[in-house]
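Descriptive analysis of the structure
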Amino acid sequence: MRVLCSSTLIGEFFVIGFAGLVAMKDDTLATSTVWWVCGVAMVLSVLLCGMITRPGGVQLGWALQIGLILSGFFVPTMFFLGALFAGLWWASVHYGRRIDEVKASWAAAQASAGPDAA
């Protein structure tokens with residue numbers, strides 16, 4: 001699960017940065033505010049890569065997904081990209097857990113078969 005979720009989060013890192021560049025062109029938004037918000041979200045996406053397997057890591061990832069969707073109120077394209085990344089996040093968590101379960105059962109089968117089975 002960690003690899004799939006981390007890949008999604010790194011993709012989000014770049015999307016958040018590019019969304020910040022687009023948001024800077026809006027005269028109603030202060031440049032410093034845009035970069036503080038984007039900077040915090042970018043740092044969070046990188047930090048979450050290491051926190052995925054810890055308690056609360058997946059929930060923080062969902063919070064980031066909600067934040068990406070809500071950023072569409074400032075950069076309308078982010079409604080679409082936020083929803084796209086939320087779908088990728090769901091797939092990463094769902095299929096990542098299934099892959100981890102299959103790996104664990106395969107390792108248990110190999111361990112119970114003994115050293116001669118390999």
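**Points about the layout of surface pockets**
The space that makes up the largest pocket amounts to roughly 450 Å³. Where the lining of the largest pocket is concerned, the elements lending two or more residues are α1 (2–23), α2 (31–51) and α3 (57–70). Ranked by residue count, the leading element in the lining of the largest pocket is α2, at seven residues. Partitioned by chemical class, the residues of the lining of the largest pocket number 17 nonpolar, four polar and no charged.

**Side note on α1**
Over its 22 residues, α1 runs 31 Å from end to end, which matches the ideal 32 Å to within 8%, given 1.5 Å per residue. Turning to α1, its buried residues are C5, S6, T8, L9, E12, V15, I16, G17, A19, G20 and A23. Considering only its buried residues, α1 is in contact with α2, α3 and α4 (77–113).

**Quick look at a nonpolar patch on the surface**
On the surface, a nonpolar cluster with roughly 640 Å² of combined accessible area is contributed by I10, F14, F18, L21, M24, W35 and V46. Elements that contribute at least two residues to the nonpolar patch include exactly α1 and α2. Counting residues per element, the nonpolar patch draws most heavily on α1, at four residues. Structurally, the position occupied by L21 is in helix α1.

**Observations concerning the packing of aromatic side chains**
On inspection of all chains with the given rule, the structure shows three aromatic pairs. Between F73 and F79 the ring centres are 5.1 Å apart and the planes differ by 85°, which places this aromatic pair in the edge-to-face class. A residue is classified by how much of its surface remains accessible, and F73, at 62% relative accessible area, is exposed.

Quick notes on the rules
Residues numbered from 1 in each chain as written. Predicted model: local features only at pLDDT ≥ 70, side-chain atom pairs only at ≥ 80, totals over all residues. Heavy atoms only, no water. 1 Å grid on protein atoms, 1.4 Å probe; cavity = no way out; pocket = protein on both sides within 12 Å on 5 of 7 lines; lining within 4 Å. Points joined across faces, edges and corners; volume = space filled by probe spheres on them. Helix = DSSP H or I, 4+ residues; strand = E, 2+ residues; numbered from the N terminus. Nonpolar A, V, L, I, M, F, W, Y, C, P; charged D, E, K, R; others polar. Expected span 1.5 Å × (residues − 1). Buried < 20%, exposed > 50% of the residue type's maximum accessible area, 1.4 Å probe, protein only. Contact = heavy atoms within 4.5 Å. Patch = residues over 30% accessible without salt bridge, like charges linked within 9 Å, V, L, I, M, F, W, Y side chains within 5 Å. Areas by Shrake-Rupley, 256 points an atom, 1.4 Å probe, with all protein chains shown as cover. Salt bridge = Lys/Arg side-chain N within 4 Å of Asp/Glu carboxyl O. Phe/Tyr/Trp six-rings, centres within 6.5 Å; stacked < 30°, edge-to-face > 60°.

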